[in-house]
Amino acid sequence: MVLDPGAPVPTADELPVGSSARIIGPDDPALASALAVPHLAFAEPGTGIGSAGVDELAEAVRTRAEDGSVDRAVARIGAGLTAVAAALESGTVLCAGQHQPVGAVSEIVGVGTLPTARRRGLGLAVTAALVADARSRGVETVFLSAGDDDVARIYARLGFRRIATALIAEPTE
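This text gives an overview of the structure that appears in the document. Owing to the predicted nature of the structure, the values given are computational and were not obtained by experimental measurement.

1. Observations regarding unusual backbone geometry
Piece 1. Positive phi is not limited to glycine here, since Ser90 has a value of about 50°.
Piece 2. Considering the arrangement of structural elements, one finds Ser90 in the loop between strand E3 (83-89) and strand E4 (92-102).
Piece 3. Of the residues examined, Ser90 reaches a relative accessible area of 78% and is grouped as exposed.
Piece 4. The phi dihedral of Arg119 falls on the positive side, at around 70°, and the residue is not glycine.
Piece 5. Following the sequence through the fold, Arg119 ends up in the loop between strand E5 (105-113) and helix H4 (122-136).
Piece 6. Relative accessible area serves as the criterion here: at 63%, Arg119 is assigned to the exposed category.

2. Remarks on the pattern of salt bridges
Side chains that differ in charge, positive against negative, can pair when their charged atoms come close.
Piece 1. Inspection of every chain in the model, using the stated rule, returns eight salt bridges.
Piece 2. Its salt-bridge partner being Asp67, residue Arg64 comes within 3.6 Å of it at the nearest N-O pair. Here Arg64 and its partner Asp67 are both found in helix H2 (residues 54-67), three residues apart, which amounts to about one turn of the helix.
Piece 3. Residue Asp67 is classed as partly exposed on the basis of its relative accessible area, which comes to 35%.
Piece 4. With a closest N to O distance of 2.7 Å, Asp133 and Arg137 form a salt bridge.

3. Some details on the side chain of Asp28
Piece 1. By the element assignment, Asp28 lies in the loop between strand E2 (22-24) and helix H1 (31-43).
Piece 2. Taking the relative accessible area as the measure of exposure, Asp28 reaches 19% and is therefore buried.
Piece 3. Of the polar contacts made by the side chain of Asp28, one reaches the side chain of Arg22; its length is 2.6 Å.
Piece 4. A distance of 2.8 Å separates a polar side-chain atom of Asp28 from the backbone nitrogen of Ala30.

The rules behind each value
Residues numbered from 1 in each chain as written. Predicted model: local features only at pLDDT ≥ 70, side-chain atom pairs only at ≥ 80, totals over all residues. Heavy atoms only, no water. Helix = DSSP H or I, 4+ residues; strand = E, 2+ residues; numbered from the N terminus. Buried < 20%, exposed > 50% of the residue type's maximum accessible area, 1.4 Å probe, protein only. Salt bridge = Lys/Arg side-chain N within 4 Å of Asp/Glu carboxyl O. Polar contact = N/O pair within 3.5 Å; in protein donor to acceptor, adjacent residues only side chain to side chain.

What follows is the structure, given as structure tokens:
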């Protein structure tokens, strides 16, 4: 899906109540959680409320700290290769995602909501924050892949439109 160039980015007032998101810097204490939430989200795909919550998030954060992914993200953020956005409630990351700018193009990746926090507009808010950040960096083309039609409808609310289907290949065992 590609964002129409003229699509306006919704302001906080235009998003569902309680669904604001912000860009997470490399020194932000929320970074490890912002990297962990999408892993829990993709383990329970779809848009329905799921079972993984704050307890599972704490374990996933420990895993991210041990596997070096936080250090790699800090380096990528510092180099301008990645931007991370998150929606937080009472200091807990409930939804997060990233965009990967290269010149005038950026791909939004890994937008995921903690399964127990779904259906509140958080994915929409995180995606809007990522689009706003990409545009502030001079990005002209923003694209992403939606996992299914329900997710695609969320992105369509921001002005993304389907232009092709991506092929996902997996190795055979």
